[in-house]
Amino acid sequence: TCMAEEYIEISDQYKVRMEFTDEELFLGTDNLKRRDRTPQDPGYYVECKNNRLIRRDFKSNEECRAFIASLGKDEGLLEVDPDAEAKAEQAAADLLA
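Our subject in this report is the structure included herewith. It should be emphasised that the depicted structure is a prediction, and the values quoted were computed from it without experimental measurement.

Observations regarding unusual backbone geometry
Phase 1 of the analysis: The residue Asp-12 is not glycine, and still its phi comes out positive at about 55°.
Phase 2 of the analysis: Mapped onto the elements of the fold, Asp-12 is located in the loop between strand E1 (2–8) and strand E2 (13–18).
Phase 3 of the analysis: We classify Asp-12 as partly exposed; its relative accessible area is 40%.

Details of the pattern of salt bridges
Phase 1 of the analysis: Applying the stated criterion across every chain, the model contains 4 salt bridges.
Phase 2 of the analysis: Where Glu-6 meets Lys-15, a salt bridge forms, and the shortest distance between an N and an O atom there is 4.0 Å.
Phase 3 of the analysis: With relative accessibility at 39%, the residue Glu-6 sits in the partly exposed group.
Phase 4 of the analysis: According to the relative accessible area criterion, Lys-15 is buried, its value standing at 18%.
Phase 5 of the analysis: Put simply, Glu-24 and Arg-17 hold a salt bridge, and the shortest N to O gap is 2.7 Å.
Phase 6 of the analysis: For Arg-17, a relative accessible area of 26% puts it in the partly exposed group.

Considerations on helix H1 (residues 61–70)
Phase 1 of the analysis: The set of residues buried in H1 consists of Asn-61, Cys-64 and Phe-67. Seen along its axis, H1 keeps its buried residues to an arc of 125°; they face one direction.
Phase 2 of the analysis: Those residues of H1 hidden inside the fold are in contact with strand E4 (44–49) and strand E5 (52–57).

Details of the side chain of Lys-15
Phase 1 of the analysis: Topologically, Lys-15 is positioned in strand E2.
Phase 2 of the analysis: Contact partners of Lys-15, with chain neighbours within four places excluded, come to Met-3, Ala-4, Glu-5, Glu-6, Glu-24, Leu-25 and Phe-26.

The rules behind each value
- Residues numbered from 1 in each chain as written.
- Predicted model: local features only at pLDDT ≥ 70, side-chain atom pairs only at ≥ 80, totals over all residues.
- Heavy atoms only, no water.
- Helix = DSSP H or I, 4+ residues; strand = E, 2+ residues; numbered from the N terminus.
- Buried < 20%, exposed > 50% of the residue type's maximum accessible area, 1.4 Å probe, protein only.
- Salt bridge = Lys/Arg side-chain N within 4 Å of Asp/Glu carboxyl O.
- Arc of directions from axis to C-beta.
- Contact = heavy atoms within 4.5 Å.

In short, geometric facts, not functional conclusions.
Rendered as structure tokens:
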């Protein structure tokens with residue numbers, strides 16, 4: 001996996017950086033396939049611990065996917081309350097009243 005950094009018009013190539021090795025390459029459009037990151041395949045994971053953001057980088061997409069899949073296995077993933085925002089606004093209004 002790589003990220004295109006710059007298009008070189010003269011050679012009709014892109015300067016790309018490999019995601020896990022930081023190696024720079026020049027590739028033609030016939031060698032590139034667009035693939036956007038998704039929440040299930042982000043390449044890295046950012047978490048907040050003790051009010052600090054920590055970025056976890058992985059050596060491969062598979063390692064990243066395994067980490068994401070393991071999150072919440074022991075505790076179970078938290079369910080999202082669709083009314084959470086309204087409840088928070090009401091609690092803030094009650095507090096200010």
